[in-house]
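Listed here are the chains, written in short residue letters.
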Amino acid sequence: AAWSAAVEAVRTHAPAGRVLLACHVNPDGDALGSMLALAAGLRRLGATGVQASFPGPLEVPGSLAWLPGLDAVVPEDEAWPDPDLLVTLDAASPSRLGALAGRFATARASVVLDHHASNPGFGTVSLVDPDAAATSVLVEELLARLGVPLDPEIAECLYVALVTDTGSFRFDLTTPAVHEMAARLLRAGVRPADVSRRVFDSRPFGAVRLFADVLSRARLEPEAAGGGGLVWTYALLADLAAHGQRPHVLDALIDPVRATAEADVACVLKEAADGSWNVSMRSKGGADVSRVAGALGGGGHRLAAGFTGHGTADEVMAAIRAQL
Ligand code: 5GP
Ligand code: MN
Ligand code: MN
């Protein structure tokens, strides 16, 4: 029923109306890829009034800056104040949409496309599937139901979303259906080696050196996390400055940290401009980090979650240990 309502909402408002697509703050590959694929798909349907936006500065990691259609994304204050249709992507709660969350009150209709289990469903239509490996799984389905064929541009956006949220088809929601979707995207023109190189093997050398500094102070606590082991580190604004890097390069830092064999849980604390910490958490299965992050004001998935921390790094880690 939700699918037909979503298709109906798009068919009603997209052809002639103002359609605002919005994804979460600090967008990742799934947020951007899902949003840009849907924007391109709606334009293929003949929709002329499609805007795409996300809250905060229009800055994305270099690994995603090449995504087709990104140049057409508008800043939040240029997004229509009263769209006919609002579609949100990969946002687990209105707060993840910053000021764009206000558009729920002024839009005529809204569709929420997401895969976070914690998503309460806050649109006129909510399509939330916690079993979906990425929000782009839902976007592919919506485009198919709208009769939009996959072209190389749409497929590339959907693939980036899928390959980033599944950790290159390694994480636990990597089902046969995920590989079947990847196969459809490859048949539509995606070149996986090219995409992987641009997304995963495009780190500036300064960022490699920055990672070295930050990884050199990683701490392993084998008894923490219920005996599963905890590994963590922190990155300061001064570290970024020392290597001439922008904050986004730290998005990928959690991956080498979580590779630690002796730890079930990995945390990276990233100092923000206001003195708070953007905290990334990962689990290999022993802990539900979405509950830890949720208890500390954030959210996410069982094995990948985050929150905004306050105080010193040691205080933030003490709060995490207490929750674990
Ligand atoms: P990452 O560590 O890659 O930034 O985020 C991992 C997961 O946690 C993502 O699914 C994201 O949606 C969620 N997440 C990260 N930071 C926050 C936050 O501050 N608040 C909430 N609600 N979720 C977050
Ligand atoms: Mn995301
Ligand atoms: Mn996602």
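In this text the structure is predicted, and so the values were computed from the model without any measurement. (Residues numbered from 1 in each chain as written. Chains lettered and ligands numbered in written order. Predicted model: local features only at pLDDT ≥ 70, side-chain atom pairs only at ≥ 80, totals over all residues. Heavy atoms only, no water.)

*Asks:* Before we go on, may I ask you to explain the coordination of the manganese ion (ligand 2) in this structure?
*Replies:* Octahedral six-donor coordination of a metal ideally yields angles of 90 or 180 degrees, compared with 109.5 degrees for tetrahedral four-donor coordination. All of the protein donors around the manganese ion (ligand 2) are His24 (NE2), Asp28 (OD), Asp28 (OD) and Asp90 (OD); their distances to the metal are 2.0 to 2.8 Å. Each donor residue of the manganese ion (ligand 2) lies on one chain, and together they are spaced H-x3-D-x61-D. Separating the manganese ion (ligand 2) from the manganese ion (ligand 3) is a gap of 3.8 Å, which aspartate 90 spans by donating to each of them. Residue aspartate 28 is found in the loop between β1 (19–23) and α2 (29–44), and its partner aspartate 90 is found in the loop between β4 (85–89) and α3 (103–106); the two are separated by 62 residues along the sequence. (Donors = N, O, S within 2.8 Å, 3.2 Å for Na, K, Ca; no water. Helix = DSSP H or I, 4+ residues; strand = E, 2+ residues; numbered from the N terminus.)

*Asks:* Is there a simple way to explain the packing of aromatic side chains in this structure?
*Replies:* What characterises a pair of aromatic rings is the spacing of the ring centres plus the angle enclosed by the ring planes. All chains considered together, the criterion is met by four aromatic pairs. On the numbers, 6.4 Å between centres and 35° between planes, the contact of tryptophan 232 with tyrosine 234 is tilted. Taking the relative accessible area as the measure of exposure, tryptophan 232 reaches 7% and is therefore buried. Between the aromatic rings of tyrosine 234 and tryptophan 277, the centroid separation amounts to 6.4 Å while the plane-to-plane angle is 85°, which identifies the pairing as edge-to-face. In this pair, tyrosine 234 sits in strand β8 (residues 230–235) while tryptophan 277 sits in strand β10 (residues 277–283), placing the two residues 43 residues apart along the sequence. On the basis of relative accessible area, tyrosine 234 is assigned to the partly exposed category, the value being 25%. Classification of tryptophan 277 as buried rests on a relative accessible area of 7%. Grouped by ring-pair contacts, the aromatic residues Trp232, Tyr234 and Trp277 constitute a single cluster. If you follow arginine 198 out to its NZ or CZ, it ends over the ring of tryptophan 66, 4.1 Å from the centre. Above the face of the tyrosine 234 ring, arginine 217 is positioned so that its terminal group lies 4.5 Å from the ring centre. (Phe/Tyr/Trp six-rings, centres within 6.5 Å; stacked < 30°, edge-to-face > 60°. Buried < 20%, exposed > 50% of the residue type's maximum accessible area, 1.4 Å probe, protein only. Lys NZ or Arg CZ within 6 Å of the ring centre and 35° of its normal.)

*Asks:* What is the right way to read the site of ligand 1 from this model?
*Replies:* What surrounds ligand 1 is the set Arg96, His116, Ser280, Arg282, Gly298, Gly299, Gly300, His301, Ala304, Ala305, Gly306 and Phe307. For ligand 1, an oxygen atom lies 3.3 Å from a polar atom in the side chain of histidine 301. At 3.3 Å from an oxygen atom of ligand 1 is found a main-chain nitrogen or oxygen belonging to glycine 306. Coverage of ligand 1 by the protein chains reaches 76% of its 490 Å² of free accessible surface. Taken together, the elements giving at least two residues each to the shell around ligand 1 come down to β10, β11 (299–300) and β12 (304–309). The element contributing the most residues to the shell around ligand 1 is β12, with four residues. Its residues placed into classes, the shell around ligand 1 shows three nonpolar, seven polar and two charged. (Near = heavy atom within 4 Å. Polar contact = N/O pair within 3.5 Å; in protein donor to acceptor, adjacent residues only side chain to side chain. Areas by Shrake-Rupley, 256 points an atom, 1.4 Å probe, with all protein chains shown as cover. Nonpolar A, V, L, I, M, F, W, Y, C, P; charged D, E, K, R; others polar.)

*Asks:* How should I be thinking about the domain arrangement of the protein in this particular structure?
*Replies:* Interfaces are often described in size by the accessible area the parts lose on coming together. The domain boundaries assigned to the protein delineate domain 1 (2–200) and domain 2 (205–323). Domain 1 and domain 2 are separated by 27 Å when their C-alpha centres are compared. Every contact between the two is made by ten residues of domain 1 and, on the other side, eight residues of domain 2. The contact between domain 1 and domain 2 buries some 800 Å² in all, and 46% of this surface belongs to carbon and sulfur atoms. Among the salt bridges present, the one from aspartate 172 reaches arginine 302, with a minimum N-O distance of 3.6 Å. (Domains from an automatic or database assignment. Contact = heavy atoms within 4.5 Å. Buried area = accessible area lost by both parts, 1.4 Å probe. Salt bridge = Lys/Arg side-chain N within 4 Å of Asp/Glu carboxyl O.)

*Asks:* So what exactly am I meant to see when it comes to the environment of valine 178 here?
*Replies:* Locating valine 178 in the fold gives a position in helix α6 (residues 176–187). In the structure, valine 178 is positioned 44 residues away from alanine 134 in sequence and 9.2 Å away in space, judged by C-alpha atoms.

*Asks:* Would you mind going over the sheet that holds strand β6 (residues 125–128) with me for this structure?
*Replies:* With respect to topology, six strands assemble into an open sheet ordered β3-β2-β1-β4-β5-β6, the strand pairing being parallel. Each edge of the sheet is formed by a strand with only one pairing partner; in this case those strands are β3 (74–75) and β6. For β1 and strand β2 (residues 50–54), the ladder comprises four bridges, and the chain directions are parallel. Within β2, the residue paired with valine 19 across the bridge is valine 50. Of the strands in this sheet, β1, β4, β5 (109–114) and β6 touch helix α1 (residues 2–13), which is tilted by about 125° from β6. Seen against the sheet, helix α4 (residues 135–145) touches β4, β5 and β6 and runs at an angle of roughly 125° to β5. (Pairing = 2+ DSSP bridges. Axes fitted to C-alpha atoms, helices over the stretch in contact; angles between N-to-C directions.)

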